[in-house]
Amino acid sequence: MKKSMSMKTWMTMGAALWLGGCAAGQLDIQRDELSDARHAIEAARKAGAERCAPKEMARAQSELYYAAHELTENGVHPDETAGHIADARKYADKARMLARKRCAPKPKAKPEIIRLEGVHFRTNSAELTPASTATLDRAVAALKKRPDIRVEVAAHTDSRGSAAYNLKLSERRAKSVMEYLIAHGVDASRLTSRGYGESQPVASNATPEGRARNRRVELRVIR
Amino acid sequence: MRLLLLTILVGAMAAPAMAGAFDSIDDRASRVEARVQGKHDYQAELARDMASAAQDELAQHDLRAARQFMDLAEQAASRSGGKR
């Protein structure tokens with residue numbers, strides 16, 4: 001009986017070892033031979049390639065695994081091994097370059113600005129001059145043609161007077177223009193107004209001509 | 001008692017090897033493909049590449065390599081967040 005048990009023991013342990021040996025194990029991609037390819041893949045990963053160039057990055061990683069597999073065959077296919085290492089580097093470099101291009105933040109588009117030439121106010125007032133209405137009526141027509149856009153009515157002053165006074169004045173002027181547009185049929189939900197005072201000059205305030213250019217109203221398109 | 005302990009030992013040692021042992025590489029590859037279908041993130045792409053590598057190795061009668069690649073394919077597929 002004891003002998004029979006011992007036989008069972010050995011058979012069981014043998015079976016366990018055999019089954020354990022069936023486990024596939026892991027490919028060792030940390031081998032020294034793969035360090036260049038590994039570093040190239042790491043550089044691509046740092047550049048954001050997993051997100052921005054997933055296909056190329058996956059191919060690079062696959063080639064690395066392939067190369068690791070070939071290396072387990074102890075030099076049976078040296079050309080294939082070298083080929084996989086070279087491909088891993090090639091695809092990693094490609095992924096890195098694509099990631100730099102695709103992950104880079106897009107430059108902000110310049111906002112479209114429609115200058116309302118000919119809009120004037122009485123001195124130190126937000127009251128529109130009668131001559132301004134022609135320009136504003138054209139603005140109304142333009143806005144009705146483009147119902148998909150929203151605009152900020154932006155008013156500016158020259159630098160005469162205090163900055164605080166000019167800011168308040170520009171706010172009132174912007175609001176005055178916005179109210180004109182609303183009164184002539186532009187949906188109020190498409191409009192906002194903002195005064196910038198003397199903070200954004202487009203010309204020198206040292207000359208009358210420059211100051212005249214700085215006193216202006218614009219429509220800033222917000223999509 | 002000793003037999004019971006040995007049976008438990010066998011189970012513990014054999015468990016990793018038994019995972020998927022009764023499924024063919026092709027079946028596992030099909031499951032990976034289904035899991036990442038419609039996905040194009042890095043892990044999904046890697047899963048596809050590894051499943052393809054597993055099938056290539058199987059065609060060359062290297063079952064051990066096929067299993068290694070398929071294990072990697074399944075790990076990547078599960079990280080891609082795909083459904084089983």
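Structure first, text after, so check above.
Residues numbered from 1 in each chain as written. Chains lettered and ligands numbered in written order. Predicted model: local features only at pLDDT ≥ 70, side-chain atom pairs only at ≥ 80, totals over all residues. Heavy atoms only, no water.

## Digging into the nonpolar core
Ranked by size, the top nonpolar core spans 45 residues in total, and within it Leu34(A), Met50(B), Phe69(B) and Met70(B) carry the most contacts. Looking at this core, the elements with two or more residues in it are α2 (35–46), α3 (49–52), α4 (54–71) and α5 (78–103) of chain A together with α2 (25–35), α3 (42–59) and α4 (63–79) of chain B. Discounting chain neighbours no more than four positions away, the residues touching Leu34(A) are Asp28(A), Ile29(A), Leu64(A), Ala67(A), Ala68(A), Leu71(A) and Ile85(A). Counting residues in each nonpolar core, the second largest holds 22 residues, with Phe121(A), Leu128(A), Val151(A) and Val177(A) among its members. (Core = buried A, V, L, I, M, F, W, Y, C linked by side-chain atoms within 4.5 Å. Buried < 20%, exposed > 50% of the residue type's maximum accessible area, 1.4 Å probe, protein only. Helix = DSSP H or I, 4+ residues; strand = E, 2+ residues; numbered from the N terminus. Contact = heavy atoms within 4.5 Å.)

## Some points on α4(A)
Relative to the 26 Å expected for 18 residues at 1.5 Å per residue, α4(A) spans 26 Å between its end C-alpha atoms, a close match to the ideal helical length. Buried residues dominate α4(A), accounting for 16 of its 18 residues. (Expected span 1.5 Å × (residues − 1).)

## Describing the state of the cysteines
All names here are of chain A. What the rule picks out here adds up to one disulfide over all chains. Through a disulfide, Cys-52 is tied to Cys-103; the S-S separation comes to 1.7 Å. Its S-S torsion of approximately 110 degrees makes the covalent link between Cys-52 and Cys-103 right-handed. With Cys-52 in helix α3 and Cys-103 in helix α5, the pair connects residues that are 51 residues apart, well separated along the chain. Assessed through its relative accessible area of 22%, Cys-103 is described here as partly exposed. (Disulfide = S-S within 2.5 Å.)

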